[in-house]
Amino acid sequence: MKQGFRVFDAHSHIGEWGRWEMKGNEVQPFDREFLDIEDLRDYMEKYGVERQIVMPHYHPDLSKTFELNPLAAEMSSEENIYGAVFVEPSHPEETQEALEISGSNEGIVALQTSAGAWPSSYDSERWSEDERMVMEKVLEFSARNDVPIQFHTGLSDS
């Protein structure tokens, strides 16, 4: 690392991704998995990262992604670490919990969602009334609290 070179990591996913079968291939796309604050701090120190935003890994079983929201909140209570919580219109109860976590934790600075995670996500005309209501709640929360939403994009079947 060059002296005086400042690094701000755009974001890192937390939780275990592991190896998955995706589109006919076994993949392990991440060379790092942060399971706790010590792992994250070691990474930051090793690479001279001054500030970091952490967010849950995406997972085919979205309940596993939602389970990582409290870890993002815990990690974001540390100095120079910020967090994003996962929201998804097809999971109204878990999304409500994520908004509550965000609203009660200064370190949570963003919401995150993956457009390919729910079947009708790419065509808002096909959204169920419940999905539409949840998305409106997320957007209202974002606007009212000045919290950006990070939309992970890309077709999951392409």
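Residues numbered from 1 in each chain as written. Predicted model: local features only at pLDDT ≥ 70, side-chain atom pairs only at ≥ 80, totals over all residues. Heavy atoms only, no water.

Q: Outline the overall build of the chain, listing residues and values.
A: When helices and strands are counted, the chain shows five helices and seven strands. Considering the chain as a whole, with its 158 residues, one finds that 41% of them fall into the buried category. When the accessible surface of the chain is totalled, it reaches about 9400 Å², and 48% of it is carbon and sulfur. (Helix = DSSP H or I, 4+ residues; strand = E, 2+ residues; numbered from the N terminus. Buried < 20%, exposed > 50% of the residue type's maximum accessible area, 1.4 Å probe, protein only. Areas by Shrake-Rupley, 256 points an atom, 1.4 Å probe, with all protein chains shown as cover.)

Q: Can you explain the environment of Thr95? Please cite residues and give values.
A: Along the polypeptide, Thr95 turns up in helix α4 (residues 92-103). The sequence separation of Thr95 and Lys137 amounts to 42 residues, and the corresponding C-alpha distance is 9.5 Å. Not counting chain neighbours up to four residues away, the residues in contact with Thr95 comprise Phe66, Val87, Glu88, Pro89, Val134 and Val138. (Contact = heavy atoms within 4.5 Å.)

Q: For a negative patch on the surface, give the residues involved together with the corresponding values.
A: A cluster of acidic residues, Glu38, Asp42, Glu45 and Glu74, forms a negative patch on the protein surface. The greatest single-element share of the negative patch, amounting to three residues, is contributed by helix α1 (residues 37-47). With respect to the element layout, Glu74 can be found in helix α3 (residues 69-75). Glu74 gets classed as exposed once you look at its relative accessible area, which sits at 51%. (Patch = residues over 30% accessible without salt bridge, like charges linked within 9 Å, V, L, I, M, F, W, Y side chains within 5 Å. Salt bridge = Lys/Arg side-chain N within 4 Å of Asp/Glu carboxyl O. Lys, Arg positive; Asp, Glu negative; His and termini not counted. Charge placed at Lys NZ, Arg CZ, Asp CG, Glu CD.)

Q: Tell me about α1, and please be specific about residues and values.
A: Taken together, the buried positions of α1 are Ile37, Leu40, Tyr43 and Met44. On an axial view of α1, the arc spanned by its buried residues comes to 130 degrees, and they lie on one face. Among the exposed residues of α1, those pointing more than 90 degrees away from its buried face are Asp42, Glu45 and Lys46. Its side-chain oxygen at 3.2 Å from the backbone nitrogen of Glu38, Asp36 defines the N-terminal cap of α1. Just downstream of α1 lies Gly48, where phi reads positive at about 70 degrees. (Arc of directions from axis to C-beta. Polar contact = N/O pair within 3.5 Å; in protein donor to acceptor, adjacent residues only side chain to side chain.)

Q: Can you break down the packing of α4 against helix α5 (residues 129-145) residue by residue, with the values?
A: Orientation of α4 relative to α5, taken along the N-to-C sense of each, is 5 degrees, at an axis distance of 11 Å. Taken as axis vectors, α4 and α5 run roughly parallel relative to one another. On the side of α4, the interface is formed by Pro92, Thr95, Gln96, Leu99, Ser102 and Gly103, while α5 contributes Val134, Lys137, Val138 and Phe141. Classifying every residue of the contact of α4 with α5 by side-chain character gives five nonpolar, four polar and one charged. (Axes fitted to C-alpha atoms, helices over the stretch in contact; angles between N-to-C directions. Parallel < 35°, antiparallel > 145°, perpendicular 65-115°, else oblique. Nonpolar A, V, L, I, M, F, W, Y, C, P; charged D, E, K, R; others polar.)

Read these as geometric descriptors, not functional statements.
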